[in-house]
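Topology and contacts: notes
Next come the chains, spelled out residue by residue.
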Amino acid sequence: MASYRGHLMLAAPLGVGYATLPLMRPQLDWGQALLGAGLCTLGGLMPDLDSDSGVPVRELFGLLAAVVPAFLYQGLREHGLPVDQVLVVMACLYVLIRYGLSATFKRWTVHRGMFHSVPAVLIAGLLVFLSYPGHEVDLRIYLAGGVMLGFLSHLVLDELCSVDFMGMRIRLNKFAGSALKFGSPSWGATLATYLVLAGLGCCAWFGAGAPTWVRWPDTWGHPSWLHTSQLRQ
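For the structure given in this document, a descriptive report is provided here. In this convention, every chain numbers its residues from 1, walking through the sequence in written order. Since the coordinates come from a predicted model, pLDDT governs what is reported: local features require at least 70, and pairs of side-chain atoms require 80 or more to be given and counted, while whole-chain, interface and lining totals use all residues. To get the side-chain values, take all heavy atoms of the structure and skip hydrogens and water.

1. Here we look at the layout of surface pockets
- Grid spacing is 1 Å over the protein atoms alone, the probe is 1.4 Å, and a cavity is where that probe fits but cannot get out, while a pocket is an open set with protein on both sides within 12 Å along at least five of seven lines and lining residues have an atom within 4 Å of a point. Grid points are joined across faces, edges and corners, and a volume is the space filled by probe spheres set on the points. Size it by volume and the largest pocket reaches roughly 1100 Å³.
- In this structure, the largest pocket is lined by 39 residues; those nearest its centre are Leu49, Phe105, Phe115, Ile123 and Leu127.
- Any residue that is not Ala, Val, Leu, Ile, Met, Phe, Trp, Tyr, Cys, Pro, Asp, Glu, Lys or Arg is counted as polar, Gly included; the first ten are nonpolar and the last four charged. Looking at the lining of the largest pocket residue by residue, the class counts come to 29 nonpolar, 7 polar and 3 charged.

Below you can see the structure in the form of structure tokens.
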């Protein structure tokens, strides 16, 4: 199993490489590129939230407690809340995530459980997609892809570290297959994970400005692309 520092040393350079993707666009926004790099690095550390060690959990929940309210600031302002109320909500969110969610997460999760799984990769990406306040779908997909790439790198590195390549035979340790998985021995944890994934997927598809394009015949009988907002009219 790779160490916390090992995951950081992989996720950070991977984030730097991911930040070069906006260079392919005509207009480069360095803020978006660096944000993508940061989210990729954060994603590479996120699976350690279920770690038995106190240091990764404390650092990661402290970082998440700061990032999540910052993402929600613009959305709260757009809903008409004055600045003082927004600051109060952000402070409450910080305390809730830093202490409440941290304690709950530590109590109800086990190391190498469903938080180390492929569905967890998708959940992390959907959370970023839904929480980012911007309205550009391409940007939100880019940022979600960054955290998913980092998250996936963590799982892949864990699996690689469970293989002993020394000697003539390849040996697997007790952690082999516990990271890149789609389910766990606990059916309750597996079911809850897929329910969360389905709920977030529905929110992204129908309610958050995702590219909810559907196939629909036009008046001449030929298929055309229509947005779901047009179908509701």
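2. A word on the packing of helix H1 (residues 4–18) against helix H6 (residues 137–161)
- Lines fitted to C-alpha atoms define the axes here, with helix axes fitted over just the stretch in contact, and angles between the N-to-C directions of these axes take values from 0 to 180 degrees. The secondary structure listing takes helices from DSSP runs of H or I that are at least 4 residues long and strands from runs of E that are at least 2 residues long, numbered from the N terminus. Viewed as axis vectors pointing N to C, H1 and H6 meet at an angle of 145°, and their least axial separation amounts to 10 Å. Considering only the axes of H1 and H6, their crossing is right-handed. Residue-level inspection shows Gly6, His7, Leu10, Leu14 and Tyr18 of H1 in contact with H6, the latter providing Ile141, Tyr142, Gly145, Gly146, Leu149, Ser153, His154, Leu157 and Asp158.
- Taken together, the residues of the contact of H1 with H6 break down into 7 nonpolar, 6 polar and 1 charged. The hand of a helix crossing depends on one turn: near helix anticlockwise from the far one by less than a right angle means left-handed, and clockwise means right-handed. By definition, residues are in contact when any of their heavy atoms lie within 4.5 Å.

3. Focus: a nonpolar patch on the surface
- Residues with no salt bridge and a relative accessible area higher than 30% make up the patches, which join like charges within 9 Å and nonpolar side chains (Val, Leu, Ile, Met, Phe, Trp, Tyr) within 5 Å. Surface accessibility in these figures is a Shrake-Rupley result with a 1.4 Å probe; residues are shielded only by whichever protein chains are displayed. In the sections that follow, a salt bridge refers to a side-chain nitrogen of Lys or Arg positioned within 4 Å of a carboxyl oxygen of Asp or Glu. On the surface, Leu152, Val156, Leu160 and Leu180 cluster together into a nonpolar patch covering about 300 Å² of accessible area.
- In this fold, Val156 is placed in helix H6.

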